[in-house]
Amino acid sequence: MRHIISILLENEAGALSRVSGLFSARGYNIESLTVAPTNDPTLSRMTIVTHGSDQIIEQIVKQLNKLVDVVKLQDLTEGAHIERELMLVKVRAVDTAREEVKRLVDIFRGRIIDVTNATYTLELTGTVEKLDAFVKALELTEIIEVARSGVTGIARDDRALNV
Amino acid sequence: MELTGADIVVRCLRDEGIQYIFGYPGGAALHIYDSLYKQDDVKHILVRHEQGAAHAADGYARATGKPGVVLVTSGPGITNAVTGIATAYMDSTPMVVLSAQVPTHLIGDDAFQEVDAVGITRPCVKHNFLVKDVNDLVPTLKKAFYIACSGRPGPVLVDIPKDVTAEKTEYIYPSSITMRSYAPVAKGHPKQIKRAVNLLLNAKRPIIYTGGGVVLADAADSLIKLVRQLGYPCTNTLMGLGSYPAEDPLFLGMLGMHGTYEANMAMHDCDVMLAIGARFDDRITGDLAKFAPHARIIHIDIDPSSIGKNVKVEIPIVGDAKLVVDDLNAELNKRDAVPDPEALKRWWKQIDEWRSINCLSYDRNSDLIKPQFVIEQLYEASGGNALVTSDVGQHQMWAAQFYGFNKTRRWINSGGLGTMGFGLPAAMGVQLAHPDELVTCVTGEASITMCIQELSTCKQYDLPIKIVNLNNRYMGMVRQWQEFFYDRRYSNSYMDALPDFVLLAESFGHVGMRIEKPGDVRDALNEALSVKDRLVFMDFVTDQTENVYPMIAAGKGHNEMHLSPGNGDTPQKRELA
Ligand SMILES: Cc1ncc(C[n+]2csc(CCOP(=O)(O)OP(=O)(O)O)c2C)c(N)n1
């Protein structure tokens, strides 16, 4: 099962490598990992997308909680939640492709954020599936490069990850 | 008053009540060594190799329950200590390692004797810190001791750049510290305690299986009360020996790969298992698919990640072993119910049948010295009162099987990492902690060679350790596996060109003895133990072909043990009727 785990951790040098080191040392899988400071600059918030059986996810959660830098943790996938990923795509846009790509971007509610004679740079946010679908829809277009942020997320309702 | 960082380090140690630190100097550590020179509250023990420092601090900590402290220089100083740190980590020893680092402005420049100490040690410490500002030094050291000693203990490294030890700041040592990200649970959940007692009272074939957590929590007295109150059989892991008195009839001996027949069979057949401070390590469980197929399991551990990691647990209880077992005892006292006496009688009858196989028997008529005999004689000569460290190999298993430990913190060995070279330096820490007690190191000729340089440290500090070298001229444990599983191809497991250990011991200023005949074993031991003020190195020339039995081979179940040739040497597989 796919799980999205959100972690509040001390904004200390080395905290990130403790988490990533744990995943590699114990052979857990990481699909994506994002991290940035929160509104409280002493805390960072990290979002990890991982896969595993219930038993492995239980171990991942326990091992993460055991790290001294981890203040709090939440498995977002245990309840209703919102997940988003940001993607930037640079495509070749000449002749008919210019109109074609623009239409696609509108359908996916993305934006064109930079333009040259021969290229567009596109911005899109959404779930992983939506971004994947967009990349697939660009099939006939020449993609020059793709940059994706990895997933971040937040729980719906009153559930919150704070101190 | 303003103090330098170096003085602050030493004052913190003093104010933590640290009596000994184990270390080795070098450039980046020189300010700290200068501060040590100017005081005598904290005594520095100069080892001969930084691995020895870490093992000695580890031995000290295991024998006392107090944190062991290590001081090493940057670069090769800390890399040499890593094996010792990993050893302490695997066995959950409370330890604080202070490593000097190159000055902050040189960090990252590949400076002389620079290594990323925090990076190198990260996977084998409970936590680590790099102190970049002298004002962070006191809170960091306070946190280091707090983290090392609380919850599931473990080593904590504090890396201190040289310039930080030269800068000055005000010194005030806090009496305690709290951390928002770290607050280990100590009390078990009351509902889980009740559920556990219900299950225990309904058991027909119970077993209590306990590990190093009982030692670390000083919970042996509580455990003894629980076991006697229930009348249930108890077995200890290699790390837990001494938690339940070996001489007590309710004790089944050690379990696991080289555990007793009765302990392993009882584990296999039990219907209720109470695991306390044990972590279902692969050397204990054998093949997980065949592990205790009928058991409903209660697991007490201070580390939630140990619970449910390898086996499915019905009643998990997170908490300190002593507090939880005390709560179990209190809850049992409130109940009128008692365990089913008929079922228990049947269970003990079965266990006694297994016991009657006498799985630890060995050939007592040999002309060669049997290693088991040496340990038995050591037990008798020392009245069972020695503190015993060991190295890793066959001798370690024989010491565990044949020296009956009746108290905790007297059997000190590297169980988790299995580090050859541990025994002698660990014995130094143990002897410093208990200057008037008998400390012995049971070792093999291969293991002792790995940290032999520490004989020099023993001389400097007059540590009268008694070394029992079971010299079979083989890496016996490796040879045993090659005999069983590699068709007797003894690839690189023999020890050619061994030193003359008697001369070697004497050259270090100690007493050396060589013992070659079974009839001389006891007299030699008596003689050696009567030497109170000197280290004695006893080199016992033992039977080269002896193997450790019983044995559960990798991938086998508890009911598929190899017994010794005298017992038929066939894997005895038995299904539960
Ligand atoms: C540092 C280290 N290297 C290798 C091993 C693997 N190993 C385990 S037991 C053993 C042989 C030990 O021989 P010895 O000390 O003579 O003891 P014996 O088994 O003969 O009693 C070896 C090489 C180890 N445990 N530790």
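Scroll up for the structure.
Please read these numbers as outputs of a predicted model, since none were measured by experiment. (Residues numbered from 1 in each chain as written. Chains lettered and ligands numbered in written order. Predicted model: local features only at pLDDT ≥ 70, side-chain atom pairs only at ≥ 80, totals over all residues. Heavy atoms only, no water.)

S.K.: How should I be thinking about the overall build of chain B in this particular structure?
M.R.: Along its length, chain B carries 22 helices and 22 strands. Over its C-alpha atoms, taken along the principal directions, chain B stretches across nearly 75 × 60 × 40 Å. Of all 577 residues assigned to chain B, the portion counted as buried reaches 60%. Expressed as a percentage of contacts within chain B between residues at least 6 apart in sequence, the contacts between residues at least 24 apart total 75%. (Helix = DSSP H or I, 4+ residues; strand = E, 2+ residues; numbered from the N terminus. Buried < 20%, exposed > 50% of the residue type's maximum accessible area, 1.4 Å probe, protein only. Contact = heavy atoms within 4.5 Å.)

S.K.: It is not clear to me how the pairing of strand β7 (residues 155–161) of chain B should be interpreted in this structure. Could you clarify?
M.R.: Residue and element names in this part refer to chain B. Among the seven residues in β7, seven count as buried, and that is most of the element. Alternating residues of β7 divide into Pro-155, Leu-157, Asp-159 and Pro-161 and Val-156, Val-158 and Ile-160, and every residue in both groups is buried. Bridge count between strand β5 (residues 95–101) and β7: seven bridges; the pairing is parallel. Bridge pairing in β7 links Ser-99 to Asp-159. Handedness of the crossover joining strand β6 (residues 127–130) and β7 through helix α6 (residues 137–149): right-handed. (Pairing = 2+ DSSP bridges. Right-handed = clockwise from strand over helix to strand, strands pointing away.)

S.K.: In this structure, what is going on with the interface of chain B and chain A? I would like to understand it.
M.R.: Much of the literature gives interface size as the accessible area that the parts lose upon coming together. Between chain B and chain A, the contact holds 16 residues from the first and 18 residues from the second. Buried surface at the junction of chain B and chain A, summed over both partners, amounts to about 1,400 Å²; 43% is from carbon and sulfur atoms. When the area that chain B buries against chain A is broken down by residue, the three leading residues are Arg122(B), Arg180(B) and Ser181(B), summing to 42%. One can count three salt bridges joining chain B with chain A. Counting the contacts that link chain B with chain A gives 13 residue pairs in polar contact (both at pLDDT 80 or more). A class-by-class count of the residues in the side of chain B that touches chain A yields five nonpolar, five polar and six charged. (Buried area = accessible area lost by both parts, 1.4 Å probe. Salt bridge = Lys/Arg side-chain N within 4 Å of Asp/Glu carboxyl O. Polar contact = N/O pair within 3.5 Å; in protein donor to acceptor, adjacent residues only side chain to side chain. Nonpolar A, V, L, I, M, F, W, Y, C, P; charged D, E, K, R; others polar.)

S.K.: What am I meant to see in the nonpolar core here?
M.R.: One recurring pattern in soluble globular proteins: nonpolar side chains tend to sit buried together. Residues and elements named next belong to chain B. Among the nonpolar cores identified, the biggest contains 96 residues, and Ile-208, Met-273, Ile-276 and Phe-540 are the most heavily contacted of them. By residue number, the principal contributor to this core is helix α8 (residues 190–201), which donates six residues. Non-local contacts of Ile-276, meaning those with residues more than four positions away in its chain, are made with Ile-208, Tyr-209, Thr-210, Gly-211, Val-214, Leu-223, Leu-226, Ile-300, Ala-321 and Val-325. Counting residues in each nonpolar core, the second largest holds 49 residues, with Cys-124, Val-430, Val-439 and Ala-505 among its members. (Core = buried A, V, L, I, M, F, W, Y, C linked by side-chain atoms within 4.5 Å.)

S.K.: Please clarify how helix α11 (residues 261–269) of chain B should be interpreted in this entry.
M.R.: Within an α-helix, residues lying three or four positions from one another point in the same direction, as the helix has 3.6 residues per turn. Burial of α11(B) is extensive: nine of the nine residues sit out of reach of the surface. Taken together, the buried positions of α11(B) are occupied by Tyr261(B), Glu262(B), Ala263(B), Asn264(B), Met265(B), Ala266(B), Met267(B), His268(B) and Asp269(B).

S.K.: Whenever I open this one, the pattern of salt bridges confuses me. Can you help?
M.R.: One side chain can pair with another of opposite charge once the charged atoms of both are near each other. All names here are of chain A. In total, this model carries 42 salt bridges over all chains according to the counting rule given. Across the pair Arg-111 and Glu-123 runs a salt bridge, and its minimum N-O distance is 3.1 Å. Residue Arg-111 is located in strand β6 (residues 111–115), and its partner Glu-123 is located in strand β7 (residues 119–126); the two are separated by twelve residues in the primary sequence. Take Glu-123: its relative accessible area is 22%, and that puts it in the partly exposed class.

S.K.: How should the pairing of β5(B) be read in this particular structure?
M.R.: Consecutive side chains of a regular strand alternate in pointing toward one face of the sheet and then the other. All names here are of chain B. Along β5, seven of the seven residues are buried, which leaves the element largely enclosed by surrounding structure. Alternating residues of β5 divide into Met-95, Val-97, Ser-99 and Gln-101 and Val-96, Leu-98 and Ala-100, and every residue in both groups is buried. Of the pairings in the sheet, the one linking strand β4 (residues 68–72) to β5 comprises five bridges and is parallel in character. If you follow Gly-68 over to β5, its bridge partner there is Met-95.

S.K.: Even after reading the chapter, I still don't get the sheet that holds β7(A), so can you show me in this structure?
M.R.: Two strands in a sheet stick together by hydrogen bonds in their backbones, pointing the same way (parallel) or opposite ways (antiparallel). Residues and elements named next belong to chain A. Strand order in the open sheet formed by four strands is β6-β7-β5-β8, and the pairing between neighbours is antiparallel. Looking along the sheet, the strands with just one partner apiece sit at the ends: β6 and β8 (143–155). On average, each strand axis in the sheet is tilted by 15° relative to the strand beside it, whichever way the strands run. Where β6 meets β7, four bridges bridge the pair, whose relative direction is antiparallel. Bridged to Asp-114 within β7 is Thr-121. (Axes fitted to C-alpha atoms, helices over the stretch in contact; angles between N-to-C directions.)

S.K.: So what exactly am I meant to see when it comes to helix α1 (residues 5–15) of chain B here?
M.R.: Of the positions making up α1(B), those classed as buried are Gly5(B), Ala6(B), Ile8(B), Val9(B), Val10(B), Cys12(B) and Leu13(B). Phi turns positive one or two residues past the end of α1(B), at Gly17(B), with a value near 80°.

S.K.: Is there a simple way to explain the sheet that holds β4(B) in this structure?
M.R.: All names here are of chain B. The six strands are arranged β3-β2-β4-β5-β7-β6 in an open sheet whose pairing can be described as parallel. For this open sheet the edge positions go to β3 (43–46) and β6, each flanked by a neighbour on one side alone. Recorded for the sheet is a direction-independent mean angle of 20° between the axes of neighbouring strands. Note: β6 against β7, four bridges, orientation parallel. Across the sheet, the residue bridging to Asn-128 is Leu-157, located in β7.

S.K.: Before we go on, may I ask you to explain the site of the ligand in this structure?
M.R.: All names here are of chain B. Contacts to the ligand come from 17 residues, most closely from Gln-394, His-395, Gly-418, Ser-447 and Gly-476. Ser-447 is positioned such that a nitrogen or oxygen atom in its side chain is 2.7 Å from an oxygen atom of the ligand. Considering the ligand on its own, with 590 Å² of exposed area, one finds that the protein chains cover 77% of that surface. Among the secondary structure elements, those contributing two or more residues to the shell around the ligand are α16 (394–402), α18 (445–450) and α20 (476–485). Examining the composition of the shell around the ligand, we find that four residues originate from one element, α18, more than from any other. (Near = heavy atom within 4 Å. Areas by Shrake-Rupley, 256 points an atom, 1.4 Å probe, with all protein chains shown as cover.)

S.K.: For this particular structure, what's the right way to read the state of the cysteines?
M.R.: Covalent bonding between the sulfur atoms of two cysteines defines a disulfide. Residue and element names in this part refer to chain B. Under the defined criterion, the tally for this structure stands at zero disulfides over all chains. We note that Cys-234 lacks a disulfide partner, and the nearest cysteine sulfur, in Cys-270, lies 13 Å from it. By relative accessible area, which is 0% here, Cys-270 ends up buried. (Disulfide = S-S within 2.5 Å.)

S.K.: Even after reading the chapter, I still don't get empty space enclosed by the protein, so can you show me in this structure?
M.R.: Remark: the empty space left among the atoms is shown by a probe the size of a water molecule rolled over them. Residues and elements named next belong to chain B. If you walk through the whole model with that rule in mind, you get one cavity of 30 Å³ or more. In this model, the largest cavity occupies a volume close to 60 Å³. Along the wall of the largest cavity there are 13 residues; nearest its centre are Leu-360, Ser-361, Gln-372, Asn-547 and Tyr-549. If you tally residues by element for the lining of the largest cavity, the top one is α16, at three residues. Classifying every residue of the lining of the largest cavity gives seven nonpolar, five polar and one charged. (1 Å grid on protein atoms, 1.4 Å probe; cavity = no way out; pocket = protein on both sides within 12 Å on 5 of 7 lines; lining within 4 Å. Points joined across faces, edges and corners; volume = space filled by probe spheres on them.)

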